Amino acid sequence: MTTMIGWQAPRMVDPGKKLLLPTQKNLEVEKCKGSYECLSEHCLFLGEYGRHNRANFDVISPDCVVCRICKSPASFSDCPAVKIWEFHDHYVVVKHSGKHTCPYAPLVAKSKNTIEENVKMRPDLPPKKLQREAMLNQLYGGKNIAEVKATARAMIDTRKIASIRSKEIKSTHPLGRSIDALNKLKLDTEKTDRYYIFDVQDASLSENAKTTSHVFKMSKIAAKIAINMDKDGQHFMCMEYCFFDGNHKRCRGFITLGCYVYHPLLRRIIRLASMEVGTEDSEAVQKSWSLFNKVLSDYKGDAGYKFNPAGWCADEAGSNWEGLFRVFGNVRQRIVSCVFHFRQSVNCFSMKLATTKEQEKFKLLSMELQEALTQTKYVEIYEKLTRFIKKKKYREQLLFHWLEWWHKRRANIFNAFKPVHGAPKTNWAEAFHASRSHSASINLSLVDAAYHDIVDAILTKVQLQEIGTGTLAPDHLSLEVQQEQY
């Protein structure tokens, strides 16, 4: 037995239960619980390391423990040793008394400092991405392979990273990720810009079962740009369309309704406003645009002012259109849909046709239908496409309702009915959503989404200021935007 100064032999109360120490309060003693071993000759652990697995097991039930590698039943070995914990002010010493037959893991010093430093730099990243970023940063920084391996060893346990990350988030966001945390952030930021987090509603505080939670965010610079978009004004933004779409990946448990615009001076898509909601229905869209108008009227000092752009570009979701109509009235002639989605639909349905010749014919007529410049030409191609579809029974069953669905929306998607000048072909809101995925601005909490949106607003304002002073040059036009404009 291990000799310990001032230590008396423990007294067993019950097999498997803790032992009583009558003299020292800083000790805790317990009989060793024994160990398991996988004896399967087909286990991958044995094939890789040349020895039986004695460390990785899953407890299915108190009477069933299996190897985590091969799922074979594990063999149990009792251990006669006694385990002793010796507690000190800043550390714990673990010892065994008697013959200890259990396997032991080699002692490897793993400092938490490496994890803590990386978590503090990027608390928004999930554990696996944080692990990879830490190693990549070292490689990019010229560190040698030995140093990168040391970092890998320190950050190999993603569960430990998740634990430290959780503690870091709790320390930096003491109120957590709740509506309360948003309200605190709102109080902290409204002295600078009261529109950063303009409206927060917590459904749990309402007695009305129909009330939903939402967070509406905008900014002073966005309000200024939106007012400059007035189609009756003289600013260059008066010709720009507003792009509207919902993003289901941006915020956990919520859908982000966002409106965006292409800014010719910045030469990029910018966010005007966004609102996190529980469901993407017409009531949520209506609420979003109502709050949008409320910000504009407050910023402009005109209680009756409403957003008045050249037009909107939105997908063919009924809730998008209905919400716009409820707030802005009959603006159908100023709303267009995304041509890209129509072409995606054409390609999808063409693949269901039996022969390559049929597929090509269907795609050709559909593209001609969309690109027809006059209503007379549209009717001519529409009738030709209808005859093609009805010529075979299976084609009629497959495509006739598809054609009628798009025909009812001809004013939104087809060139013969859309506004002649300035109407976009693509909903650029989706391009903005894609850029967020590249900047890790997805799968966020409500609080983190608010921080990201504030950063977006600050960047937009500073970029406009820097271009004005000549210290920043505008970006080059992308090929897609050049094609849209020219």
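Worth saying up front: this structure is predicted, and the values here are computed from it rather than measured. (Residues numbered from 1 in each chain as written. Predicted model: local features only at pLDDT ≥ 70, side-chain atom pairs only at ≥ 80, totals over all residues. Heavy atoms only, no water.)

### Things to note about the sheet that holds strand E9 (residues 199-201)
Pairing between the strands of a sheet is mediated by backbone hydrogen bonds and can be parallel or antiparallel.
Right, on to step 1. In spatial order, the strands read E9-E10-E13-E12-E11-E14-E15; together these 7 strands make up an open sheet with mixed pairing. In this open sheet, the two strands that pair with only one neighbour each are E9 and strand E15 (335-336).
Right, on to step 2. For E9 and strand E10 (residues 214-217), the ladder comprises 3 bridges, and the chain directions are antiparallel. Each residue of the ladder has a partner; that of Val200, found in E10, is Val215. (Pairing = 2+ DSSP bridges. Helix = DSSP H or I, 4+ residues; strand = E, 2+ residues; numbered from the N terminus.)

### Quick notes on the confidence of the model for the chain
Right, on to step 1. Looking at the chain, the pLDDT average stands at 83 and 84% of residues meet or exceed 70.
Right, on to step 2. Segment residues 1-23 is flagged for pLDDT under 50; beyond a separation of four residues in sequence, or across chains, it makes 42 contacts in the model. (pLDDT = per-residue confidence, 0-100. Contact = heavy atoms within 4.5 Å.)

### Side note on a positive patch on the surface
Right, on to step 1. A grouping of Lys357, Lys361, Lys384, Arg387 and Lys391 is seen on the molecular surface, where their side chains present a positively charged patch.
Right, on to step 2. Of all the secondary structure elements, the ones that give two or more residues to the positive patch are helix H11 (356-371) and helix H12 (375-390).
Right, on to step 3. Note that Lys357 resides in helix H11. (Patch = residues over 30% accessible without salt bridge, like charges linked within 9 Å, V, L, I, M, F, W, Y side chains within 5 Å. Areas by Shrake-Rupley, 256 points an atom, 1.4 Å probe, with all protein chains shown as cover. Salt bridge = Lys/Arg side-chain N within 4 Å of Asp/Glu carboxyl O. Lys, Arg positive; Asp, Glu negative; His and termini not counted. Charge placed at Lys NZ, Arg CZ, Asp CG, Glu CD.)

### Some details on the state of the cysteines
Right, on to step 1. Enumeration over the complete set of coordinates arrives at 0 disulfides.
Right, on to step 2. Cys67 carries a free sulfur, and the closest cysteine sulfur to it, the one in Cys70, is 3.8 Å from it.
Right, on to step 3. Looking at Cys67, the relative accessible area reads 0%, which means it is buried. (Disulfide = S-S within 2.5 Å. Buried < 20%, exposed > 50% of the residue type's maximum accessible area, 1.4 Å probe, protein only.)

### A few points about the packing of aromatic side chains
Right, on to step 1. The full count for this structure, using the stated rule, is 23 aromatic pairs.
Right, on to step 2. Ring centres of Tyr36 and Phe76 lie 5.1 Å apart, and the angle between their planes is 55°; this geometry places the pair in the tilted category. Of this pair, Tyr36 sits in strand E3 (residues 35-37) while Phe76 sits in strand E6 (residues 75-77), placing them 40 residues apart in sequence.
Right, on to step 3. Judged by its relative accessible area of 42%, Phe76 is partly exposed.
Right, on to step 4. On the basis of an interplanar angle of 15° and a centroid distance of 6.0 Å, the ring pair of Trp289 and Phe307 is categorised as stacked. You can see Trp289 sitting in helix H8 (residues 282-300) and its partner Phe307 sitting in the loop between H8 and strand E14 (312-314), a full 18 residues away along the chain. Here Trp289 matches Phe307 in class, with each residue buried.
Right, on to step 5. Through a chain of ring-to-ring contacts, three or more aromatic side chains come together here, namely Phe342, Phe349, Phe362, Tyr378, Tyr382, Trp402, Trp405, Trp406 and Phe414.
Right, on to step 6. A cation over an aromatic ring shows up here: Arg395 above the ring of Phe388, its NZ or CZ 4.1 Å from the ring centre. (Phe/Tyr/Trp six-rings, centres within 6.5 Å; stacked < 30°, edge-to-face > 60°. Lys NZ or Arg CZ within 6 Å of the ring centre and 35° of its normal.)

### Quick notes on unusual backbone geometry
Right, on to step 1. In this model, Lys71 sits at a positive phi of 70°, which is unusual for a non-glycine residue.
Right, on to step 2. Even without a glycine there, the phi angle at Arg267 is positive, about 60°.
Right, on to step 3. The topology assignment puts Arg267 in the loop between strand E12 (254-263) and strand E13 (268-277).
Right, on to step 4. A residue is classified by how much of its surface remains accessible, and Arg267, at 35% relative accessible area, is partly exposed.

### Looking at H8
Side chains of residues three or four places apart in an α-helix project in the same direction, reflecting 3.6 residues per turn.
Right, on to step 1. Between its terminal C-alpha atoms H8 stretches 27 Å, which fits the 27 Å expected from 19 residues at 1.5 Å a residue.
Right, on to step 2. Turning to H8, its buried residues are Ser282, Ala284, Val285, Ser288, Trp289, Leu291, Phe292, Asn293, Val295, Leu296 and Ser297.
Right, on to step 3. Where H8 ends, the next residue or the one after it, Gly301, has phi of about 75°, a positive value. (Expected span 1.5 Å × (residues − 1).)

### So, the pairing of strand E4 (residues 57-61)
Right, on to step 1. Summarising the sheet, E4 and strand E5 (residues 64-67) pair through 4 bridges and their orientation is antiparallel. Residue pairing across strands places Phe57 opposite Cys67, the latter belonging to E5.
Right, on to step 2. Hairpin connection between E4 and E5: a loop of 2 residues separates the two successive antiparallel strands.

### Overview of the pattern of salt bridges
Right, on to step 1. The full count for this structure, using the stated rule, is 21 salt bridges.
Right, on to step 2. We note a salt bridge from Arg68 to Asp58, for which the minimum N-O separation is 2.8 Å. Of this pair, Arg68 sits in the loop between E5 and E6 while Asp58 sits in strand E4, and the two are 10 residues apart along the sequence.
Right, on to step 3. Its relative accessible area of 19% is what places Asp58 among the buried residues.
Right, on to step 4. Salt bridges linked by common partners bring Lys217, Arg250, Arg271, Glu276 and Asp453 together as one network.

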